[in-house]
Amino acid sequence: AVASLRRWLALDADPAAVTSTLALDPSLAGLVHAEPGLRVPGALDGFELAVRAVVGQPVSVAGARTLLGRVATAVGEPGMFPSAAQVADGGPAALAGLGLTGRRVDTLVDLASAVTDGALALDPGADRIEARRLLRAIPGIGPWTADYVALRALGDPDAWPGTDLVLARRVRADGLDPARWRPWRGYAAMYLWTDTSKEPR
């Protein structure tokens with residue numbers, strides 16, 4: 001339990017190493033110094049995180065919460081998010097009528113089957129390159145989802161979900177060069193997301 005919590009809260013991260021790299025870029029230096037020690041949260045369950053990414057990407061946060069609640073109620077046990085085995089065993093029929101598109105249902109079942117079969121590992125000990133390849137091979141999972149899962153579930157500090165609308169807009173508008181932030185591009189993403197969330201709406 002302690003190890004899981006440490007991964008979830010990124011307590012083993014090295015903020016000094018992150019800061020020493022990202023602060024060299026004038027475009028990030030102010031953000032880094034304003035919030036030193038910002039971390040990339042991990043995941044207690046890589047499959048659950050992947051499901052949340054697949055379901056939540058095309059809808060609002062509120063909409064994603066509603067859909068995920070329906071999935072949990074339809075497939076899981078009371079108070080528990082369903083396991084990969086439960087989703088795989090239930091198949092498309094278990095997820096029908098919940099408000100998910102047919103394509104998204106198939107994606108979730110394919111994802112669950114890959115995890116259940118042992119072909120796809122979604123934890124910090126997994127081969128990050130292979131996990132990304134297997135994720136991208138699942139119809140309905142694109143670059144953003146694969147990189148987001150790599151960042152949060154696989155613990156890849158250099159994962160860069162650059163197709164994210166917020167990140168893409170910031171890179172384009174501010175003339176940023178993500179290559180300068182390696183091997184901490186995932187932390188740069190967190191700084192940019194955090195900064196953008198503070199902008200008045």
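For the structure itself, consult the block above.
Conventions adopted
- Residues numbered from 1 in each chain as written.
- Predicted model: local features only at pLDDT ≥ 70, side-chain atom pairs only at ≥ 80, totals over all residues.
- Heavy atoms only, no water.
- Helix = DSSP H or I, 4+ residues; strand = E, 2+ residues; numbered from the N terminus.
- Buried < 20%, exposed > 50% of the residue type's maximum accessible area, 1.4 Å probe, protein only.
- Contact = heavy atoms within 4.5 Å.
- Lys, Arg positive; Asp, Glu negative; His and termini not counted.
- Charge placed at Lys NZ, Arg CZ, Asp CG, Glu CD.
- Polar contact = N/O pair within 3.5 Å; in protein donor to acceptor, adjacent residues only side chain to side chain.
- Core = buried A, V, L, I, M, F, W, Y, C linked by side-chain atoms within 4.5 Å.
- Salt bridge = Lys/Arg side-chain N within 4 Å of Asp/Glu carboxyl O.
- Expected span 1.5 Å × (residues − 1).
- Phe/Tyr/Trp six-rings, centres within 6.5 Å; stacked < 30°, edge-to-face > 60°.
- Axes fitted to C-alpha atoms, helices over the stretch in contact; angles between N-to-C directions.
- Parallel < 35°, antiparallel > 145°, perpendicular 65-115°, else oblique.
- Nonpolar A, V, L, I, M, F, W, Y, C, P; charged D, E, K, R; others polar.

Caption draft 1: Representation of the overall build of the protein chain within the structure. Per the secondary structure count, the protein chain includes eleven helices and zero strands. Helices and strands appear in the protein chain in the N-to-C order α-α-α-α-α-α-α-α-α-α-α. Overall size of the protein chain, expressed as C-alpha extent along the three principal axes, is 50 × 35 × 30 Å. The burial tally for the protein chain puts 43% of its 201 residues in the buried class. Sequence-distant contacts, at least 24 apart, represent 66% of the contacts inside the protein chain between residues at least 6 apart. Here the protein chain contributes 21 positively and 22 negatively charged side chains, and the mean placements of these two sets differ by 5 Å.

Caption draft 2: How the structure looks around the side chain of aspartate 156. Take aspartate 156: it is sitting in the loop between α9 (143-152) and α10 (165-174). Polar side-chain contacts of aspartate 156 include one of 3.0 Å to the side chain of arginine 132. Look past the residues within four positions of aspartate 156 in its chain and what remains in contact with it is Arg128, Arg132, Ala150 and Leu151.

Caption draft 3: Fine view of the nonpolar core. By size, the foremost hydrophobic cluster in this structure holds 60 residues, and its most contacted members are Leu22, Leu95, Leu111 and Leu120. Those residues in contact with leucine 95, other than ones at most four positions away along the chain, are Val71, Val75, Val87, Val105, Leu108 and Val109.

Caption draft 4: Quick look at the pattern of salt bridges. One pass over the structure, following the stated rule, counts eleven salt bridges. Note that aspartate 156 and arginine 132 form a salt bridge whose closest N and O atoms lie 3.0 Å from each other. Residue aspartate 156 is located in the loop between α9 and α10, and its partner arginine 132 is located in helix α8 (residues 128-137); the two are separated by 24 residues in the primary sequence. Of the two residues, aspartate 156 and arginine 132, both sit in the buried class. Between arginine 185 and aspartate 158 there is a salt bridge, with its nearest N and O atoms 3.2 Å apart.

Caption draft 5: Just unusual backbone geometry, in detail. Between arginine 182 and the following residue, proline 183, the backbone shows a cis peptide bond with an omega angle of 5 degrees. Even without being a glycine, alanine 10 presents a positive backbone phi close to 55 degrees. On the basis of relative accessibility, which here comes to 10%, the residue alanine 10 falls in the buried class.

Caption draft 6: Layout of helix α11 (residues 185-197). The terminal C-alpha atoms of α11, which comprises 13 residues, lie 18 Å apart, in line with the 18 Å expected from a rise of 1.5 Å per residue. Burial runs high along α11: eleven of the 13 residues are buried. Every buried residue of α11 is accounted for by Arg185, Gly186, Tyr187, Ala188, Ala189, Met190, Tyr191, Leu192, Trp193, Thr194 and Thr196.

Caption draft 7: Summary view of helix α6 (residues 84-95). Relative to the 16 Å expected for twelve residues at 1.5 Å per residue, α6 spans just 13 Å between its end C-alpha atoms, considerably shorter than the ideal helical length. Elements that come into contact with the buried residues of α6 comprise α4 (46-56), α5 (61-75) and α7 (102-116).

Caption draft 8: Quick peek at the packing of aromatic side chains. Within this structure, the stated rule accounts for four aromatic pairs. A centroid spacing of 4.9 Å and a plane angle of 10 degrees characterise the contact between tryptophan 144 and tyrosine 148, whose relative ring orientation is stacked. Taken as a pair, tryptophan 144 and tyrosine 148 lie in helix α9 at a separation of four residues, close to a single helical turn. Comparing tryptophan 144 with tyrosine 148, the two get one shared label, buried. Through a chain of ring-to-ring contacts, the aromatic side chains of Trp144, Tyr148 and Trp193 assemble into a single cluster.

Caption draft 9: A look at the packing of helix α3 (residues 26-34) against α11. Here α3 crosses α11 at 75 degrees, and the two axes come no closer than 10 Å. Between α3 and α11, the crossing angle belongs to the class labelled roughly perpendicular. Of the residues in α11, those touching α3 at Leu28, Leu31 and Val32 are Ala188, Tyr191, Leu192 and Asp195. Residues that form the contact of α3 with α11 fall into these classes: six nonpolar, no polar and one charged.

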